[in-house]
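Descriptive analysis of the structure
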Amino acid sequence: MALLEITDLSVHYGRVRAVHEVSLTVAEGEIVTLIGANGAGKTTTMRALSGLQPVSSGRIHFDGEDITHLRADLRVIRGISQAPEGRGIFPGMSVRDNLDMGAYARRDRHLTRAADLERVFTLFPRLKERSRQAGGTLSGGEQQMLTIGRALMARPRLLLLDEPSMGLAPMLIGQIFEILQEINEQGTTILLVEQNAHRALSVADRAYILETGSIVATGTGSALLDDPSVRAAYLGVA
Amino acid sequence: MNIDFLIDNFADLSVTGLAQGAIYALVALGYTLVYGVLRLINFAHSEVFVTGTFATILTLRGIGIGPDDPVPSLLMVLLTLVLASIVAALSSGAVALLVERVAYRPLRRRNAPPLVFLISAVGASLVLMEIYALFLGRDNVRVGNLIKPRTQFTVFGADVTNRQILIVVSAVLMMVVLDSFISRTRLGRGVRAVSQNPDAAALMGVNKDRVIALTFLLGGLMAGVAAVLYDLNFGVTKFSAGFLIGLKAFTAAVLGGIGNLRGALLGGLLLGLAENWGQALLGSAWRDVIAFVFLIVVLMFRPTGILGESLGRARV
Ligand SMILES: Nc1ncnc2c1ncn2[C@@H]1O[C@H](COP(=O)(O)OP(=O)(O)OP(=O)(O)O)[C@@H](O)[C@H]1O
Ligand SMILES: [Mg+2]
């Protein structure tokens, strides 16, 4: 049974339809990526999964439980954690406090915090240097690291990442993807939204392609990488 | 203009101003807390405060301390103060929670636009006011005789009374407790998280509804204690007493930087001082005008208030 199962999900903003009857699954231990052009509905899907955006129809199951209408904070307790797109940090809190917020929902946070913090600081040494600085004064890329690190502090079963490479230098993007694979090998299931289709398809077990709110293609990462129409549309290769 | 009077009585006016300002500051916290998480001015907060002023009077009556009775013994006074503070704080806190449940939460569920919240707030305020008028009358209600002001010491020629000391010390104490609750406890961090980024807070597992209710409760508790101090200071209250002090506390909150806890303290004290200095200078008829001139000027020239958003860590 899949860890995450989305069935015929539709989401509207007022009368505007942003996501239309999307179905996808993520099995325990997988890295699955959702790619698509600007405005395709990727962020909307992620927000619906986290409970920030109400759904119009369809169902979301997590670990066998129907969470379609579950409150956002309870989904975190179930083990779903999202690193949101853009500047999703707490600007007035220090880097350290931002990271602590990641462990907010964990009952055993007092026991695990030190080790988890160490892990995040090992992954992102830059955050350690800046740990006392206010989140709002970090550079865009540093804020991006902070949202990823913060999501890890929750030790999620399912990690949702909305464009983790956005605004990062190419070298750092490479590192981030290595980190994601490492986290995944340590047992975290990942659903990854990306514009950077080449990288995303390279690390993903499976991928879905979203176009104006609907899934238009799916397959293993390597199959889609070799697909001529995908290459033309998303990888900029004729 | 009476500059000589202001200069001659500067120290006395300042001490009186600080005591009144401390009360404004405590009430201002309620506006600032709720604004911090909801970006909403809770206009019913003035009636939350009035609840406390009546709760205090009724507690004193229950103990048998009326307006014309002699002042009881010191021990009795202290016990009564503690009891009255608890009763007033809990009553105001309960009314604040009720307002949140009845007037705001249903609107949040429906994603109502901000103007609707404002109308609901004014409505809740009027309803509470009329309920108090119905049960407690439309006249002034006198407070039990609990403290006889006596000069304790003099600073720069100003007499400082036991009552003023009590007011300032209690207000500052309450604020310190609130400030450390917000910055040190897990729930307090939830409040800060929601005020800084509500969506991200939800992604951390913060229960937004609980945080919102908590800010109403905390604001109510502070207003309840402020109400006790107000009763002691002025000796009377009234069903409509919340209107003026509510507006002034709101001004204090905006002056210090709405959403900023320490700003509320600063704004309250400044407003209390300015009122008393200004009234000495211009005549007592101008007293209430001063607060509103402040409000308008701040909104025009520095809407983020004195501390504004600069105090990142102290922000709610
Ligand atoms: N709050 C909103 N109100 C109205 N329409 C919205 C809102 N948020 C998103 N949309 C619309 O929904 C559609 C999907 O947006 P979404 O943010 O999910 O796209 P995306 O795939 O994440 O794009 P990007 O790659 O640029 O981040 C877009 O057409 C967008 O304009
Ligand atoms: Mg997006």
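Refer to the preceding data block for the structure.
Here's what I pulled together on the structure shown here. (Residues numbered from 1 in each chain as written. Chains lettered and ligands numbered in written order. Predicted model: local features only at pLDDT ≥ 70, side-chain atom pairs only at ≥ 80, totals over all residues. Heavy atoms only, no water.)

Residue and element names in this part refer to chain B. On the surface, a cluster of nonpolar side chains totalling about 1200 Å² of accessible area is made up of M1, I3, I7, L282, W286, V289, V293, I296, V297, M300 and F301. Elements with a contribution of two residues or more to the nonpolar patch: α1 (3–8) and α12 (287–301). Counting residues per element, the nonpolar patch draws most heavily on α12, which supplies 6 residues. Inspection of the secondary structure puts V297 in helix α12. (Patch = residues over 30% accessible without salt bridge, like charges linked within 9 Å, V, L, I, M, F, W, Y side chains within 5 Å. Areas by Shrake-Rupley, 256 points an atom, 1.4 Å probe, with all protein chains shown as cover. Salt bridge = Lys/Arg side-chain N within 4 Å of Asp/Glu carboxyl O. Helix = DSSP H or I, 4+ residues; strand = E, 2+ residues; numbered from the N terminus.)

Residue and element names in this part refer to chain B. Sheet topology places strand β2 (residues 151–155) next to strand β3 (residues 158–161); 4 bridges connect them, and they run antiparallel. In the sheet register, F153 faces β3, and the bridge partner there is V160. Between β2 and β3, which pair antiparallel one after the other, the connecting turn spans 2 residues, and F156 there sits at a positive phi close to 45 degrees. (Pairing = 2+ DSSP bridges.)

Now for helix α11 (residues 261–282) of chain B. With 22 residues, α11 of chain B ought to run about 32 Å at 1.5 Å a step, and its terminal C-alpha atoms sit 31 Å apart, in line with that. Once α11 of chain B ends, the next one or two residues include G283 of chain B, with phi positive near 105 degrees. (Expected span 1.5 Å × (residues − 1).)

So, on to the environment of M101 of chain A. Topologically, M101 of chain A is positioned in helix α3 (residues 95–102). Put simply, M101 of chain A and I148 of chain A are 47 residues apart on the chain and 12 Å apart in space, counted from C-alpha to C-alpha. Not counting chain neighbours up to four residues away, the residues in contact with M101 of chain A comprise F90 and M93 of chain A together with R189, A193, M204 and V206 of chain B. (Contact = heavy atoms within 4.5 Å.)

What follows covers the packing of aromatic side chains. Residues and elements named next belong to chain B. Tallied over the full model, the rule gives 8 aromatic pairs over all chains. Relative to F250, the ring of Y31 lies with its centre 5.8 Å away and its plane at 55 degrees, an arrangement referred to as tilted. Separated by 219 residues along the polypeptide, Y31 in helix α2 (residues 10–38) and F250 in helix α10 (residues 242–256) bring together distant segments of the chain. With relative accessibility at 13%, the residue F250 sits in the buried group. Ring pairs connect the aromatic residues Y31, F43 and F250, which therefore count as one cluster. (Phe/Tyr/Trp six-rings, centres within 6.5 Å; stacked < 30°, edge-to-face > 60°. Buried < 20%, exposed > 50% of the residue type's maximum accessible area, 1.4 Å probe, protein only.)

Each pair of donors in an ideal octahedron of six around a metal sits at 90 or 180 degrees, and each pair in an ideal tetrahedron of four sits at 109.5 degrees. Residue and element names in this part refer to chain A. Looking at the metal site, the magnesium ion (ligand 2) is ligated by T43 (OG1) and E85 (OE), spaced 1.9 to 2.4 Å from it. Of this pair, T43 sits in helix α1 (residues 42–50) while E85 sits in the loop between β6 (80–83) and α3, placing them 42 residues apart in sequence. In this structure T43 comes out as partly exposed when scored by relative accessible area, which is 22%. (Donors = N, O, S within 2.8 Å, 3.2 Å for Na, K, Ca; no water.)

Everything listed here is a matter of coordinates, which is why it stays silent on function.
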